[in-house]
Amino acid sequence: MATRRQREVLRRLALLYPDAKTALRWSNPFELLVATVLSAQSTDRRVNEVTARLFPKYPDAAAFAALDPAKLAEEIRDVGLFRTKARHLVELARRLVDEHGGSVPADRAALESLPGVGRKTANVVLANAFGEPAIAVDTHVFRVAQRLGLARGRTPEAVERGLMRVVPRRDWAAAHHWLIHHGRRVCHARRPECATCPLLDCCPTGPRLLAAGTAARRDA
DNA sequence: ATCCCGAGGG
DNA sequence: CCCTCTGGAT
């Protein structure tokens, strides 16, 4: 399925970000779900600090369901969008208790129907908690996959399908992290560092961005 | 100043 | 499709 060039891109990514697959291990699906909801517009560091305080006090859906959203908001104040997330998490926990016996459903439709859970969060949970075939596509994954010629399409779903075709299944979880890391460190939305990018010679987009002056230059 | 390791709502 | 919610990184 994958071209020779695409396989080379993936090989290099694996070498560049060897520890990517060891990120974020949670002890159960509920913790993973909460941590993933918290992670939007926040750093892993902030999320880890907050969850380290949160989970000992509120270990499961029943505990979250009993919370006043305003009180939870105070406890997660260090992450972005904290009021919205607090509201979503309490309502989400109540739905888990009412409709799923307090556990996280291993089902896409059920997950996406929960407040605060969209396609991306559902995919993270499906892939990491339940070993289901899914690749979570956030803005970094979307942009970098397109630039590296691993997937094309207008929607995250299209890129998701493209990646699943090109990436060997055993690397799906890792590929998600490779693309995120590369997006954050090198392949920025605005001024990607193509001049010093280790993937430049196998990237279909980098040379064009350099020529157009869109990319940061070595001599800039 | 500007953009996000999103999702809901208008 | 565009806006908003948030703090943080750059």
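Since the structure is predicted, the reported quantities are computational estimates derived from the model, not experimental observations.

Cut-offs applied
- Residues numbered from 1 in each chain as written.
- Chains lettered and ligands numbered in written order.
- Predicted model: local features only at pLDDT ≥ 70, side-chain atom pairs only at ≥ 80, totals over all residues.
- Heavy atoms only, no water.
- 1 Å grid on protein atoms, 1.4 Å probe; cavity = no way out; pocket = protein on both sides within 12 Å on 5 of 7 lines; lining within 4 Å.
- Points joined across faces, edges and corners; volume = space filled by probe spheres on them.
- Helix = DSSP H or I, 4+ residues; strand = E, 2+ residues; numbered from the N terminus.
- Nonpolar A, V, L, I, M, F, W, Y, C, P; charged D, E, K, R; others polar.
- Near = heavy atom within 4 Å.
- Polar contact = N/O pair within 3.5 Å; in protein donor to acceptor, adjacent residues only side chain to side chain.
- Buried < 20%, exposed > 50% of the residue type's maximum accessible area, 1.4 Å probe, protein only.
- Axes fitted to C-alpha atoms, helices over the stretch in contact; angles between N-to-C directions.
- Parallel < 35°, antiparallel > 145°, perpendicular 65-115°, else oblique.
- Left-handed = near helix turned anticlockwise from the far one by under 90°.
- Contact = heavy atoms within 4.5 Å.
- Domains from an automatic or database assignment.

Peer 1: Hey, could you go over the layout of surface pockets for me, with residue numbers and the actual values?
Peer 2: In this model, the largest pocket occupies a volume close to 1,300 Å³. Around the largest pocket sit 44 residues that line it, and Ser-39, Asp-44, Lys-120, Asp-138 and Ile-180 are the ones nearest its centre. For the lining of the largest pocket, the elements supplying multiple residues, two or more each, are helix H2 (29–39), helix H3 (44–57), helix H6 (82–100), helix H8 (119–130), helix H9 (139–147) and helix H11 (172–185). For the lining of the largest pocket, the leading source of residues is H11, giving eight residues. Residues belonging to the lining of the largest pocket are distributed by class as follows: 17 nonpolar, 18 polar and nine charged.

Peer 1: I'd like a rundown of the protein's contact with DNA strand C, residues and numbers included.
Peer 2: Within the structure, DNA strand C sits among Gln-41, Arg-46, Arg-77, Gly-80, Leu-81, Phe-82, Arg-83, Thr-84 and Arg-184. When atoms of DNA strand C within 4 Å of the protein are sorted by moiety, sugar and phosphate together comprise 62%. In this structure, Arg-46 approaches DNA strand C through a side-chain N or O atom, which is 3.1 Å from a phosphate oxygen. For the surface near DNA strand C, the leading source of residues is H6, giving three residues.

Peer 1: Account for the protein's contact with DNA strand B, naming residues and giving values.
Peer 2: Within the structure, DNA strand B sits among 21 residues, and Ala-40, Gln-41, Thr-121, His-140 and Arg-190 are positioned closest to it. The separation between a phosphate oxygen of DNA strand B and a polar side-chain atom of Thr-121 is 2.4 Å. Residue His-140 places a side-chain N or O atom 2.3 Å away from a phosphate oxygen belonging to DNA strand B. Elements with a minimum of two residues in the surface near DNA strand B: H8, H9 and H11. Among the elements that make up the surface near DNA strand B, the one with the highest residue count is H8 (three residues). Broken down by class, the residue content of the surface near DNA strand B amounts to seven nonpolar, eight polar and six charged.

Peer 1: Hey, could you go over the environment of Val-50 for me, with residue numbers and the actual values?
Peer 2: Tracing the backbone through its elements, the reader meets Val-50 in helix H3. By relative accessible area, Val-50 is classed as buried at 0%. Spatially, the C-alpha atoms of Val-50 and Asp-78 are 7.1 Å apart, while their sequence positions differ by 28 residues.

Peer 1: Mind laying out H9, listing which residues take part and the relevant values?
Peer 2: Within H9, burial applies to Val-141, Arg-143, Val-144, Ala-145, Gln-146 and Arg-147. For H9, the side-chain oxygen to backbone nitrogen distance between the N-cap and His-140 is 3.0 Å, and the N-cap itself is Asp-138. Following H9 by one or two positions, Gly-149 has its phi on the positive side, about 70 degrees.

Peer 1: Just give me the short version of the packing of H2 against H3, but keep the residues and values in it.
Peer 2: Close contact between H2 and H3 brings their axes to 10 Å; oriented N to C, the two are set at 140 degrees. Accordingly, the angle class assigned to the pair H2 and H3 is oblique. Read as a crossing pair, H2 and H3 show a hand that is right-handed. Where H2 abuts H3, its residues Glu-31, Val-34, Ala-35, Leu-38 and Ser-39 lie against Val-47, Val-50, Thr-51, Leu-54 and Phe-55. Here the contact of H2 with H3 is composed, by residue class, of seven nonpolar, two polar and one charged.

Peer 1: Requested: an account of the side chain of Thr-121, with residues and values cited.
Peer 2: Its place among the elements puts Thr-121 in helix H8. Leaving out residues up to four positions away in the same chain, Thr-121 has contacts with Leu-33, Thr-36, Val-37 and Gly-116.

Peer 1: For the domain arrangement of chain A, give the residues involved together with the corresponding values.
Peer 2: Its domain assignment divides chain A into domain 1 (29–130) and domain 2 (191–220). For domain 1 and domain 2, the distance between their C-alpha centroids amounts to 38 Å.

Peer 1: Go over empty space enclosed by the protein with me, naming the residues and quoting the values.
Peer 2: Counted under the stated rule, the structure contains two cavities of 30 Å³ or more. What lines the largest cavity is a set of 14 residues, among which Cys-187, Cys-194, Cys-197, Cys-203 and Gly-206 lie closest to the centre. In terms of residue class, the lining of the largest cavity is built from nine nonpolar, three polar and two charged. Approximately 60 Å³ is the volume attributed to the second largest cavity. Looking at the second largest cavity, the residues that line it are Asn-123, Val-124, Ala-127, Asn-128, Ala-134, Ile-135, Ala-136, Trp-172, Ala-173, His-176 and His-177. Of all the secondary-structure elements, those providing two or more residues to the lining of the second largest cavity are H8 and H11. Class assignment of the residues belonging to the lining of the second largest cavity gives a composition of seven nonpolar, four polar and no charged.

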